[in-house]
2 protein chains.
Amino acid sequence: MTRTGRPRSTAADAAILRAARELLVERGVGGASIEEIARRAEVSKVTVYRRWSSREALLAAAVESSAEGLPGRTHREADPAELDPDMTYDQMTALIESALPQAARTLATPGYRALLAQAFGSRFTHPGVMAAYWDNHILPRRRVALPVLRRAVTEGHLPPGTDVEALLDMTVGALLYRLLQPGDITPEEMLDHLRRVYRQAGLLRS
Amino acid sequence: MTRTGRPRSTAADAAILRAARELLVERGVGGASIEEIARRAEVSKVTVYRRWSSREALLAAAVESSAEGLPGRTHREADPAELDPDMTYDQMTALIESALPQAARTLATPGYRALLAQAFGSRFTHPGVMAAYWDNHILPRRRVALPVLRRAVTEGHLPPGTDVEALLDMTVGALLYRLLQPGDITPEEMLDHLRRVYRQAGLLRS
């Protein structure tokens, strides 16, 4: 327990997110109630609601919190430069290159793949979770990535006429597609997949 | 009821697949048992098992059966030339171009998106369904698409050094990614998305 209250209570945040992730994997979105999450995290429901305004926002944050190491993730600990819409093409490719090994380890984790499947699988049964994930976590990254990609076209790093929105959908989509496929994947295989996709997208040098 | 038995009983096939699709959407993979499917289709369990050797194979076929109009789908009614690994780049782009409007209508259907979310969401809870879908329906299409794409590189229709496997994952992945996003999409918006992705991938002329 911290006495200063600043940061509010990182320990409680972490316990709540961990409990939410576990319940999401075990029981799906339908089985991850605020009540169950609070019980498992050993905090009160009020403590949860003080941090997240809705179950949907909490579950979206839980999905996001599992994606450590992915390029551009909005961790409090991350270098803010990661999310700089003014970064150059070279800075972007260097960022992606440096992030790939950790990203591959995270993406190859069965727990992460299970979490993602539960979240995307809830798209129709509980649409609020994907909506919150999209609005709170994906859209902010797209708003950073798109101007960087547009400048890369203007400056000749990507071919003229590149449709940067389609390219972004294709790059993220290829990762998602791999994660939802059957069978296990090793971190080495995932790293190879990531490199091939980012290279084919023109977002990695070499 | 047909007396000739050839085709076995298209009506029973269709009723079973329709019941499986409905139960998948309503209850997810866990709620779509052979017993429930047979009851809703008004056939016996033996009739189901005579056609599909396992629940997983049937549910995979149900997902596949909902994807009418997608380029390269293995409908019995489809022109076999669709699946010709010797087709030229021009034949492929013409096939894609002609398939896009129907594909956009199918992909924009809430029922299809719900079915896909349930199938991908079951990736960890019931891995057999995605495994059967992959083996029976996706891999055969990849085996046709990859040599066509490789020849397109050799013949200069796609840039030298194109990683055709990565490109295929990116193209399919971008469709999947759009389908799993929150919110509705109109057939017109879906068609625009499809055109942009296939064009960015170099798989559409113009």
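Within each chain, residue numbers correspond to sequence positions counted from 1 in written order. A letter from A marks each chain and a number from 1 marks each ligand, given out in the order of writing. Since the coordinates come from a predicted model, pLDDT governs what is reported: local features require at least 70, and pairs of side-chain atoms require 80 or more to be given and counted, while whole-chain, interface and lining totals use all residues. Only hydrogens and water are set aside when side-chain values are computed; all heavy atoms of the structure are taken into account.

For chain A, the name recorded in an unreviewed UniProt entry is TetR/AcrR family transcriptional regulator, with Myceligenerans pegani as its organism.

Engineer: Which parts of the structure should I look at to understand the relation of the copies chain A and chain B?
Structural biologist: One copy of the chain maps onto the second through a rotation around an axis plus a translation along that axis. Least squares is used to superpose the copies, and the fit set is the C-alpha atoms of residues whose pLDDT is at least 70 in both copies. The transform that puts chain A on chain B rotates by 180° and translates by 0.0 Å along the axis, for an RMSD of 0.0 Å. Both copies of the chain, as the preceding transformation shows, are related through a two-fold rotation axis. The criterion used for residue contact is that any of the two residues' heavy atoms lie within 4.5 Å. Here 100% of the contact residues of chain A are again contact residues in chain B; the copies associate through an equivalent surface.

Engineer: Would you mind showing me how to read the interface of chain A and chain B here?
Structural biologist: Counting from both sides, the interface comprises 39 residues of chain A and, opposite them, 39 residues of chain B. Overall, the association of chain A and chain B removes approximately 3400 Å² of surface from exposure, summing both partners, and the carbon and sulfur fraction of that is 67%. For this document, the term salt bridge refers to a Lys or Arg side-chain nitrogen within 4 Å of an Asp or Glu carboxyl oxygen. Taken together, the connections running from chain A to chain B amount to 2 salt bridges. Salt-bridge contacts for Asp163 of chain A lead to Arg196 of chain B; the nearest nitrogen and oxygen are separated by 2.7 Å. Elements that contribute at least two residues to the side of chain A that touches chain B include exactly helix H6 (110-121), helix H7 (127-154), helix H8 (164-180) and helix H9 (187-200) of chain A. Ranked by the residues each element gives to the side of chain A that touches chain B, the list is headed by H8 of chain A, at 13 residues. Throughout, the ten residues Ala, Val, Leu, Ile, Met, Phe, Trp, Tyr, Cys and Pro are labelled nonpolar, Asp, Glu, Lys and Arg are labelled charged, and all others, Gly among them, are labelled polar. When grouped by side-chain class, the residues that make up the side of chain A that touches chain B number 21 nonpolar, 11 polar and 7 charged. Buried area is understood as the total, over both parts, of accessible area removed when two parts are fitted together, assessed with a 1.4 Å probe. Secondary structure elements follow DSSP: runs of H or I no shorter than four residues count as helices, runs of E no shorter than two count as strands, and numbering proceeds from the N terminus.

Engineer: Please explain helix H4 (residues 55-65) of chain A as it appears in this structure.
Structural biologist: Because each turn of an α-helix spans 3.6 residues, side chains separated by three or four positions in sequence point in the same direction. Residue and element names in this part refer to chain A. Each residue is assigned to one of three classes by its accessible area relative to the maximum for its type, calculated with a 1.4 Å probe on protein chains only: buried under 20%, partly exposed between the two thresholds, exposed over 50%. Burial within H4 is extensive, with 9 of its 11 residues counted as buried. Burial in H4 covers these residues: Arg55, Ala57, Leu58, Leu59, Ala60, Ala61, Ala62, Val63 and Glu64. Those residues of H4 that are buried are in contact with helix H1 (10-27), helix H2 (34-41), helix H3 (45-51), H6 and H7.

Engineer: I tried to follow the UniProt feature "DNA-binding region" (unreviewed entry) in chain A on my own but got confused; where do I start?
Structural biologist: In the UniProt entry, the feature "DNA-binding region" (unreviewed entry) is given for residues 33-52 of chain A. Overall, residues 33-52 of chain A shows 75% helix and 0% strand. The separation of its end C-alpha atoms is 13 Å. UniProt positions are given in the numbering used here, feature names are shortened, and annotations may be inferred rather than shown by experiment.

Engineer: Which parts of the structure should I look at to understand the packing of H7 of chain A against H8 of chain A?
Structural biologist: In helix packing, the relevant descriptors are the interaxial angle and the interaxial distance, both defined with respect to the helix axes. All names here are of chain A. Closest axis-to-axis distance for the H7/H8 pair is 9 Å, and the angle between their directions is 120°. As far as their axial angle goes, H8 and H7 are oblique. Where H7 crosses over H8, the two elements pack in a sense that is right-handed. Residues Arg142, Ala145, Leu146, Leu149, Arg150 and Val153 of H7 pack against Val164, Glu165, Leu168 and Asp169 of H8. Partitioned by chemical class, the residues of the contact of H7 with H8 number 6 nonpolar, no polar and 4 charged. Angular values range over 0 to 180 degrees, each being the angle between N-to-C directions of two axes fitted as lines to C-alpha atoms, with helices fitted over their stretch in contact. Every angle not falling under 35 degrees, over 145, or within 65 to 115 is termed oblique; those three ranges are roughly parallel, roughly antiparallel and roughly perpendicular. Each helix crossing is assigned a hand: it is left-handed if the near helix lies turned anticlockwise from the far helix by less than a right angle, otherwise right-handed if that turn is clockwise.

Engineer: Got a minute to help me understand the environment of Ala67 of chain A in this structure?
Structural biologist: With respect to the helices and strands, Ala67 of chain A occurs in the loop between H4 and helix H5 (89-107). Sequence separation between Ala67 of chain A and Thr106 of chain A is 39 residues; the distance between their C-alpha atoms is 6.5 Å.

Engineer: What is the right way to read helix H6 (residues 110-121) of chain B from this model?
Structural biologist: Across its 12 residues, H6 of chain B extends 16 Å between first and last C-alpha, which sits within 8% of the 16 Å expected from 1.5 Å per residue. For H6 of chain B, the complete set of buried residues consists of Tyr112, Arg113, Ala114, Leu115, Leu116, Ala117, Gln118, Ala119, Phe120 and Gly121 of chain B. By this rule, a helix spans an expected 1.5 Å times one less than how many residues it contains.

Engineer: I'm lost on the nonpolar core in this one. Help?
Structural biologist: Side chains that are nonpolar tend, in soluble globular proteins, to be buried together. Membership of the largest hydrophobic core comes to 140 residues, with the highest contact counts inside it found for Ile37, Leu58 and Leu194 of chain A together with Ile37, Leu58, Leu194 and Leu203 of chain B. Setting aside chain neighbours within four positions, we find Leu58 of chain B in contact with Ile16, Leu17, Ala20, Ile34, Ile37, Val48 and Trp52 of chain B. Among the buried residues, those of types Ala, Val, Leu, Ile, Met, Phe, Trp, Tyr and Cys that are joined through side-chain atoms within 4.5 Å form a nonpolar core.

Engineer: Hey, could you run me through the pattern of salt bridges in this one?
Structural biologist: Two side chains with opposite charge may pair up if their charged atoms get near one another. Tallying each qualifying case throughout the model produces 23 salt bridges over all chains. Arg51 of chain A is paired through a salt bridge with Asp13 of chain A; the nearest N and O atoms lie 2.4 Å apart. Here Asp13 of chain A lies in helix H1 and Arg51 of chain A lies in helix H3, a separation of 38 residues in the sequence. Salt-bridge contacts for Glu36 of chain B lead to Arg27 of chain B; the nearest nitrogen and oxygen are separated by 3.5 Å. On the basis of relative accessible area, Arg27 of chain B is assigned to the partly exposed category, the value being 44%.

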